[in-house]
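Observations on chain architecture
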Amino acid sequence: MTHKNRKMKLINKKCGLLLVVLLITILQLTAQISIVSTDMPSPDDIVRTSIGLNLDFINYQETGENYFWDFSQLTPISQSVDTFISLTDVPFLYGLFFLGSSNLVNAKSNSIPIPDFPITDSYTFFNNTNNYFGVAGEGFTLYGIPIPLKFGSHDKLYQFPMDYGNSGSSYAEYSISLPNVGHISKKISRSNMVDGWGILSTPYGTFEVLRQKSEVIEFDSIYIDSLGIGLPINREYTEYSWLGKGQKVPLLQITSSFGGVIVTYIDSARMLPSGVSNYSNLDIDNVKIFPVPTHDLINISFDLLSASDIQITIFNTMGFKVGNKTIFNHIPGAVNVKMSTRQFGLPDGIYLLKIISNNQQITKKLILY
């Protein structure tokens, strides 16, 4: 073999090795990830999320293998912070009641508030196992007494290992009677399918993700003794969740129901378009809107930490203001507002209700049906 042939053979060998390395790198960049229990939140984790608008230009239902979802143009209009704590950090009765069924707590709850009753310190209880991450129940404090609402079996949000093509389902239910208050019950049926994998881009960054689609049927029922009426609430909605390695909560979640969509995503601290900051004059644990969904009238209650004007504004999911109510110079303390939504001629759908006081704000979801 001549020197020239040996040199060409060496060059070809090096080129072949370089091609293999390049191919492996490309495969690694586009490989499917797998989500497991260690990718979920732990005690002391703090996650900031934004509610985003400007979704009309995106077909969020599209999915597939090695897919690229571009949500980088979302506009944040409100932010919140989720704080996860241990079961030992909540009142003792909760710890006793949820012992063995929960190992993680979020210091807020999306449970149905009870109108005209002083509810404080609400929680959501989770269970993170090697097999699933699910909701174990909820709780709130009424007249200084912790009220645990424990599911008989858990609402399984994610089932592990989460891989493309996996599916699963769960059913959760609780029911409790409160003397001199009423009766509360909830039923949740959930069907999950991991229907996509690839790359997600949001205002927060670009990440490798799995996409899960969840079909949820939820029935909430509350009977108030003092009012002598029951309020059944039926909801059917679809959750699209994009999950990344070590991100604790979905990098992006879109909840779609009959009236529209709500978009939340992990984000960094931002100056919001309204130019106001969040929460300083409002006790966020005590902000309640009831009932949700509603046909017309809603009850809004919260604690005001200092005297100020209060502005309550309703936005549609495109970000346009569609309703407004102003209360001038309200004194510190409990605020209870009854508001008619139909006076603004709003069609059925999902809206955002923003409360602004003393240059601080909080945003809640509102559903009209």
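Because the structure is a prediction, the values reported are computed rather than measured.

Let us now look at the overall build of the protein. Looking only at helices and strands, one finds two helices and 21 strands in the protein. Burial analysis of the protein (369 residues in total) assigns 51% to the buried set. Long-range pairs, those at least 24 residues apart, make up 62% of the contacts in the protein with a sequence separation of at least 6. Summing over all exposed atoms, the protein offers an accessible surface of approximately 17600 Å²; the carbon and sulfur share of this is 56%.

Taken in spatial order, the three strands make up an open sheet running β15-β16-β19, and their pairing is antiparallel. Across the chains shown, the open sheet's two edge strands, defined by having one partner strand only, are β15 (288–290) and β19 (333–340). Strand-to-strand twist across the sheet, computed as the mean angle between neighbouring axes with direction ignored, equals 15°.

Time to look at the packing of aromatic side chains. On inspection of all chains with the given rule, the structure shows 14 aromatic pairs. When the ring of Tyr-60 is compared with that of Tyr-240, the centres are 5.5 Å apart and the planes differ by 70°; the resulting orientation is edge-to-face. Here Tyr-60 is found in the loop between β1 (46–53) and β2 (67–70), whereas its partner Tyr-240 is found in strand β11 (residues 229–243), with 180 residues between them in sequence. By relative accessible area, which is 14% here, Tyr-60 ends up buried. A residue is classified by how much of its surface remains accessible, and Tyr-240, at 4% relative accessible area, is buried. An angle of 75° between the planes, with centres 6.0 Å apart, marks the rings of Trp-69 and Trp-242 as edge-to-face. Of the two residues, Trp-69 sits in strand β2 while Trp-242 sits in strand β11, which places them 173 residues apart along the sequence. Both residues of the pair, Trp-69 and Trp-242, count as buried. Taken together, the aromatic side chains of Tyr-94, Phe-97, Phe-98, Tyr-123 and Phe-125 make up a single cluster linked through ring pairs. Against the face of Phe-97 rests Lys-150, its NZ or CZ located 5.6 Å from the ring centre. One Lys or Arg, Lys-156, reaches over the ring of Tyr-132 and ends 4.7 Å from the middle of that ring.

Below, the discussion takes up the pattern of salt bridges. Pairs can form between side chains of opposite charge whenever their charged atoms are close. Inspection of the entire model under this criterion finds 10 salt bridges. Across the pair Asp-45 and Lys-248 runs a salt bridge whose closest N-O atoms are separated by 3.5 Å. Separated by 203 residues along the polypeptide, Asp-45 in the loop between α1 (3–30) and β1 and Lys-248 in the loop between β11 and β12 (252–257) bring together distant segments of the chain. Salt-bridge contacts for Lys-186 lead to Glu-138; the nearest nitrogen and oxygen are separated by 3.3 Å. In this pair, Lys-186 is assigned in strand β9 (residues 182–202) and Glu-138 in strand β6 (residues 132–142), connecting sequence segments 48 residues apart. Just as Lys-186 is buried, Glu-138 falls in that class too. Residues joined in a network through salt bridges with shared partners are Glu-138, Lys-186, Glu-218, Asp-220 and Arg-235.

So, on to the environment of Gly-246. Relative to the helices and strands, Gly-246 resides in the loop between β11 and β12. Taking the C-alpha atoms as reference, Gly-246 lies 9.5 Å from Ser-37; in sequence the two are 209 residues apart.

Another aspect to go through is unusual backbone geometry. Pro-161 follows Phe-160 through a cis peptide bond whose omega is -10°. Inspection of the secondary structure assignment puts Pro-161 in the loop between β7 (145–159) and β8 (167–178). Of note in this structure, Asn-66 is not a glycine but carries a positive phi near 50°. Positionally, Asn-66 belongs in the loop between β1 and β2. For Asn-66, a relative accessible area of 42% puts it in the partly exposed group. Backbone geometry at Lys-248 places phi at a positive 80°, although glycine is not the residue there. Take Lys-248: its relative accessible area is 23%, and that puts it in the partly exposed class.

Attention shifts here to the confidence of the model for the protein. Overall, the predicted model of the protein reaches an average pLDDT of 82, with 82% of residues at or above 70. Scored below 50 in pLDDT, residues 19–28 shows one contact in the model against residues more than four places distant or in partner chains.

Our focus in this paragraph is the side chain of Ser-340. Along the chain, Ser-340 falls in strand β19. Of note is the side chain of Ser-340, whose polar atom sits 2.8 Å from the side chain of Asp-296. In this view, Ser-340 contacts Asp-296 and Leu-297; residues no more than four positions away in its chain are not counted.

Take the nonpolar core next. One recurring pattern in soluble globular proteins is that nonpolar side chains are buried together. Ranked by size, the top nonpolar core spans 52 residues in total, and within it Phe-71, Trp-242, Leu-252 and Ile-254 carry the most contacts. The greatest single-element share of this core, amounting to six residues, is contributed by strand β10 (residues 205–224). With 19 residues, the next largest nonpolar core counts Ile-300, Phe-302, Ile-362 and Leu-368 among its residues.

In this section: the pairing of strand β3 (residues 75–85). Here β3 lies mainly inside the structure; eight of its 11 residues are buried. Judged from the eight bridges that link them, β1 and β3 form a sheet pairing that is antiparallel. When the sheet's bridge partners are listed, Val-47 is paired in β3 with Asp-82.

Rules used throughout
Residues numbered from 1 in each chain as written. Predicted model: local features only at pLDDT ≥ 70, side-chain atom pairs only at ≥ 80, totals over all residues. Heavy atoms only, no water. Helix = DSSP H or I, 4+ residues; strand = E, 2+ residues; numbered from the N terminus. Buried < 20%, exposed > 50% of the residue type's maximum accessible area, 1.4 Å probe, protein only. Contact = heavy atoms within 4.5 Å. Areas by Shrake-Rupley, 256 points an atom, 1.4 Å probe, with all protein chains shown as cover. Pairing = 2+ DSSP bridges. Axes fitted to C-alpha atoms, helices over the stretch in contact; angles between N-to-C directions. Phe/Tyr/Trp six-rings, centres within 6.5 Å; stacked < 30°, edge-to-face > 60°. Lys NZ or Arg CZ within 6 Å of the ring centre and 35° of its normal. Salt bridge = Lys/Arg side-chain N within 4 Å of Asp/Glu carboxyl O. pLDDT = per-residue confidence, 0-100. Polar contact = N/O pair within 3.5 Å; in protein donor to acceptor, adjacent residues only side chain to side chain. Core = buried A, V, L, I, M, F, W, Y, C linked by side-chain atoms within 4.5 Å.

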